[in-house]
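The primary structure of each chain is shown beneath.
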Amino acid sequence: MDQARGPARDDVPVRATAIVVLDPMTSTDPPFDREPWRGEVEAVDAYELPSIDLSRVGALLLGAMVDQELLHRHRSLVESFLAHGNVVVFSGHLLRPWLPGCGAFVPKVIRSFHDYALSMVTPHPLYAGVDPHDLTFRRGVAGFFARGHHPTPPGADVLLALPDGEPVTYVDRRTTAGTVLVHAGGGLFDGAEPDSTAARVPAQLLAWVRTEVDRR
Amino acid sequence: MRRLGALYGGSSAHHRGLHEPKYARWLSRIIYLPELAGSDLSDLDGVLVPERLHRRLLERSRGQLAEVLERGATVVLFGDQSVYGACPDGWLPGVAWEHRPTNFWWWLDPEAHSGIVAARPEHSLFRRISLADATWHHHGVFRPPPGADTVIATTDGAAVLYVDRVSSPGTLVVCSLDPLSHYGSYFMPATERFLDGFLPWLAEDLAEGP
């Protein structure tokens, strides 16, 4: 892996290994300034997307507050980035069709807190060792992690679902040559409660993204 | 207020909050933040600035918002104002943010108090909302300038919502609550009740004074 990040040689093409967060710049305390992200990812002002040299980037991470009008305007950049086999992670509610394969966010009709109950569908390193109960509830309060879903493209792997099977987190390797991970909530990058298994998610997400970037 | 505009940062939460029909009916214009710099705001009687906007873009438009106040119109600020601290001329007149650690969980303890009180129970805002409708959590407070009207306060006397008619010829409504992003994320029912009352208050009652 170190070779891939080393200086370019004529006979070894430089591999794109940077993990870039498109920063919405809406907070004084963004999660990417904290563990496990600090030093592992580069936060770039989202409005600089058109000028980022994507040839050195292996993964783009986007959160809930990002300007989706901007992403929709530049969706060909996202498509081309994925066509090169790269990774996109989106944790939020899709408003505009800028992310290949992903349907617009559908909020769940909530009648009781049971409607927020999450369950694992396909085992995945992102949620290894995570009790879905710890994702559904924080201090006994339900609904922080997901309150709806995105319709998934054919062939997507659903990792986590709401009670009626609505896909909350999915991985799509079929729609493009790249890998898309979508979570229908803003909480994938934050550690939630430190003393619950939900706190494992950010570090496991980073490790998974790194593995995906390195194996392309 | 005849014409109220709102800034829109392009996030899904802002989009839902500002386009929900019962709120959109109070808005004459929605101004996409990256296009604010080239926008003429002179037709507006008020500009609503939601919480959690891109700080560099908003700071760049500080002069436009100050101008709205200078000509006697209204600006409404929601949320953490410390993110806009890098303006060379300072942020809007009189806005002094004080960060407070957020207690998201006070309501799980039956003995606990939210820490929020109605500083002016007779204020016109409380004909539209109850204190409970403004009670979820706050990320900070303000020290309003002398002469400003604190409507919602913390128990130690700092402002959560105040109306300032003294620092500029206009009216600056400053509120540390963050209702649009929570409502827009399908989260926290109180934020919906707050907006249900706050927006008609802004549009119909504010100009008449306290």
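Shown above is the structure to which this text applies.
Quick caveat, the model's predicted, so the values are computed rather than measured.

## Section: the nonpolar core
Core analysis: the biggest nonpolar cluster contains 98 residues, and Leu-99 of chain A together with Phe-194 and Phe-198 of chain B have the highest contact counts within it. At eight residues, helix H6 (residues 189-205) of chain B tops the list of elements feeding residues into this core. Once residues within four sequence positions are removed from consideration, Phe-198 of chain B is found in contact with Val-76, Phe-78, Leu-125, Ile-129, Leu-161 and Val-173 of chain B. Counting 31 residues, the second largest nonpolar core, distinct from the first, contains Trp-37, Ala-146, Val-168 and Leu-206 of chain A.

## Describing the layout of surface pockets
All names here are of chain B. Considering only enclosed or pocket space, the second largest pocket measures out at about 200 Å³ in volume. Looking at the second largest pocket, it is lined by 15 residues, and the ones nearest its centre are Pro-101, Asn-103, Ser-114, Gly-115 and His-138. In terms of residue class, the lining of the second largest pocket is built from four nonpolar, nine polar and two charged.

## Observations concerning the interface of chain B and chain A
How big an interface is tends to be reported as the loss of accessible area on association of its parts. Contacts between the two partners involve 25 residues from chain B, matched on the other side by 27 residues from chain A. Here chain B and chain A share two salt bridges between them. Residues Asp-45 of chain A and Arg-56 of chain B are paired through a salt bridge, measuring 2.6 Å at the closest nitrogen-oxygen approach. At the surface where chain B touches chain A, the tally comes to eleven residue pairs in polar contact (both at pLDDT 80 or more). When residues of the side of chain B that touches chain A are traced back to their parent elements, those giving at least two are helix H1 (12-19) and helix H3 (55-60) of chain B. Class assignment for the residues of the side of chain B that touches chain A results in eleven nonpolar, nine polar and five charged.

## Quick look at empty space enclosed by the protein
Taken as a whole, this structure holds one cavity of 30 Å³ or more when the rule is applied. Each pocket or cavity is described by its volume, and for the largest cavity that value is around 80 Å³. Along the walls of the largest cavity sit 13 residues, with Pro-24, Thr-26 and Met-65 of chain A together with Gly-9 and His-54 of chain B positioned nearest its centre. Residues belonging to the lining of the largest cavity are distributed by class as follows: seven nonpolar, four polar and two charged.

## A word on the pairing of strand S11 (residues 167-172) of chain A
Residue and element names in this part refer to chain A. Counting buried positions over the six residues of S11 gives six, a clear majority of the element. With four bridges joining them, strand S10 (residues 157-161) and S11 adopt antiparallel strand pairing. When the sheet's bridge partners are listed, Asp-157 is paired in S11 with Val-171. Count of turn residues in the S10/S11 antiparallel hairpin: five residues, of which Gly-165 carries a positive phi of about 85 degrees. Looking at chain direction, S11 and strand S12 (residues 179-183) are connected through four bridges and run antiparallel.

## Observations regarding the sheet that holds S12 of chain A
All names here are of chain A. The strand order across the open sheet formed by eight strands is S2-S1-S3-S4-S12-S11-S10-S6, and the pairing between neighbours is mixed. The strands lining the two open edges of the sheet, one partner per strand, are strand S2 (42-45) and strand S6 (119-120). Where strand S3 (residues 57-62) lies against strand S4 (residues 87-91), four bridges are found, and the strand directions are parallel. Residue Ala-59 lies in a different strand from S4, and its bridge partner there is Val-87. Helix H5 (residues 201-215) rests against strand S1 (18-23), S3, S4, S11 and S12 of the sheet, and its axis sits at about 155 degrees to S4.

Definitions and cut-offs
Residues numbered from 1 in each chain as written. Chains lettered and ligands numbered in written order. Predicted model: local features only at pLDDT ≥ 70, side-chain atom pairs only at ≥ 80, totals over all residues. Heavy atoms only, no water. Core = buried A, V, L, I, M, F, W, Y, C linked by side-chain atoms within 4.5 Å. Buried < 20%, exposed > 50% of the residue type's maximum accessible area, 1.4 Å probe, protein only. Helix = DSSP H or I, 4+ residues; strand = E, 2+ residues; numbered from the N terminus. Contact = heavy atoms within 4.5 Å. 1 Å grid on protein atoms, 1.4 Å probe; cavity = no way out; pocket = protein on both sides within 12 Å on 5 of 7 lines; lining within 4 Å. Points joined across faces, edges and corners; volume = space filled by probe spheres on them. Nonpolar A, V, L, I, M, F, W, Y, C, P; charged D, E, K, R; others polar. Salt bridge = Lys/Arg side-chain N within 4 Å of Asp/Glu carboxyl O. Polar contact = N/O pair within 3.5 Å; in protein donor to acceptor, adjacent residues only side chain to side chain. Pairing = 2+ DSSP bridges. Axes fitted to C-alpha atoms, helices over the stretch in contact; angles between N-to-C directions.

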